Amino acid sequence: VDGRLGDVDETRFFSQDKKDMYIYEEKDAGFGSWFDIDVGFFQEFGFNSTASRDQLNKLRRNLWINEGTGWLRMDMITYNPNIGKFLHCRFIFELLATGEIVPLFEADV
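Residue positions within a chain follow its written sequence, with the count starting from 1. The model is predicted, so local features are restricted to residues of pLDDT at least 70 and side-chain atom pairs to those at 80 or more, both for listing and for counting; the totals for chains, interfaces and linings are taken over all residues. In computing side-chain values, all of the structure's heavy atoms are included and hydrogens and water are not.

**Comments concerning the packing of aromatic side chains**
(1) Moving on: Any two of the Phe, Tyr and Trp rings considered here, Trp counted by its six-membered ring, make a pair once their centres fall within 6.5 Å; the pair's planes then place it as stacked at under 30 degrees, edge-to-face at over 60, or tilted in between. In this structure the tally under the stated criterion is 2 aromatic pairs.
(2) Moving on: Measuring from centroid to centroid gives 4.7 Å for Tyr-79 and Phe-86, while their planes differ by 45°, and the two rings are tilted.
(3) Moving on: Given a relative accessible area of 43%, Tyr-79 falls into the partly exposed group.
(4) Moving on: Exposed residues in this analysis have more than 50% of their type's maximum accessible area, buried residues have under 20%, and partly exposed residues fall in between, with area computed by a 1.4 Å probe over protein chains only. Since its relative accessible area comes to 54%, Phe-86 is described here as exposed.
(5) Moving on: For the ring pair Phe-91 and Phe-105, a centre distance of 5.0 Å and an interplane angle of 45° mean the geometry is tilted.

Shown next as structure tokens:
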């Protein structure tokens, strides 16, 4: 697989504490088109804020984000029952080799 700066390392790897294994995956975002396929190492957070905070702290401790990270993305889907609509928010942070962080926000109803 080609990445921005060469081949992507798809090798499974263990966390620093050797308790968790991370697997390179392909996931369907669920919107039914070819561009909704994502690849990478994924972490999914649940509805419990305490468990999500613990999971995020664990990722920090295990150096999940390092100098080889090119970008981070967070997707969030919310529902507004007052108008009967879903909102898909996407936060993207591109981490440039210069140290600059370029934020991007997208929202679709």
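After that view, the rundown keeps rolling.
**Looking at the sheet that holds strand β7 (residues 71–80)**
(1) Moving on: Strand pairing follows a simple DSSP-based rule, namely that at least 2 bridges must link the two strands. Numbering of helices and strands starts at the N terminus; helices are DSSP runs of H or I of at least 4 residues and strands are runs of E of at least 2. Read across the sheet, 3 strands follow the order β7-β8-β9 without closing on themselves; strand pairing throughout is antiparallel. Among the strands making up the open sheet, the edge pair consists of β7 and β9 (101–108). For this sheet, the mean inter-axis angle between neighbouring strands, taken without regard to orientation, is 15°. What counts as an axis is a line fitted to C-alpha atoms, over the stretch in contact for a helix, and the angles between N-to-C directions run from 0 to 180 degrees.

**A closer look at the confidence of the model for the protein chain**
(1) Moving on: As a per-residue measure, pLDDT tells how confident the predictor is, with possible values from 0 to 100. This prediction gives the protein chain a mean pLDDT of 78; 83% of its residues lie at or above 70.
(2) Moving on: Within the protein chain, no element has a lower average pLDDT than strand β1 (residues 2–3), which sits at 46, and none a higher one than β9, at 92.

**Points about the pattern of salt bridges**
(1) Moving on: We count a salt bridge whenever a side-chain nitrogen from Lys or Arg sits within 4 Å of a carboxyl oxygen from Asp or Glu. A complete count under the given rule lists 3 salt bridges for this structure.
(2) Moving on: The structure contains a network of salt bridges with shared partners spanning Arg-73, Asp-75, Arg-90 and Glu-106.

**Here we look at the environment of Phe-91**
(1) Moving on: By secondary structure assignment, the location of Phe-91 is in strand β8 (residues 85–95).
(2) Moving on: We classify Phe-91 as partly exposed; its relative accessible area is 23%.
(3) Moving on: Contacts are assigned to residue pairs with any non-hydrogen atoms lying within 4.5 Å of each other. In contact with Phe-91, not counting residues within four places along its chain, are Leu-72, Arg-73, Met-74, Met-76, Leu-104 and Phe-105.

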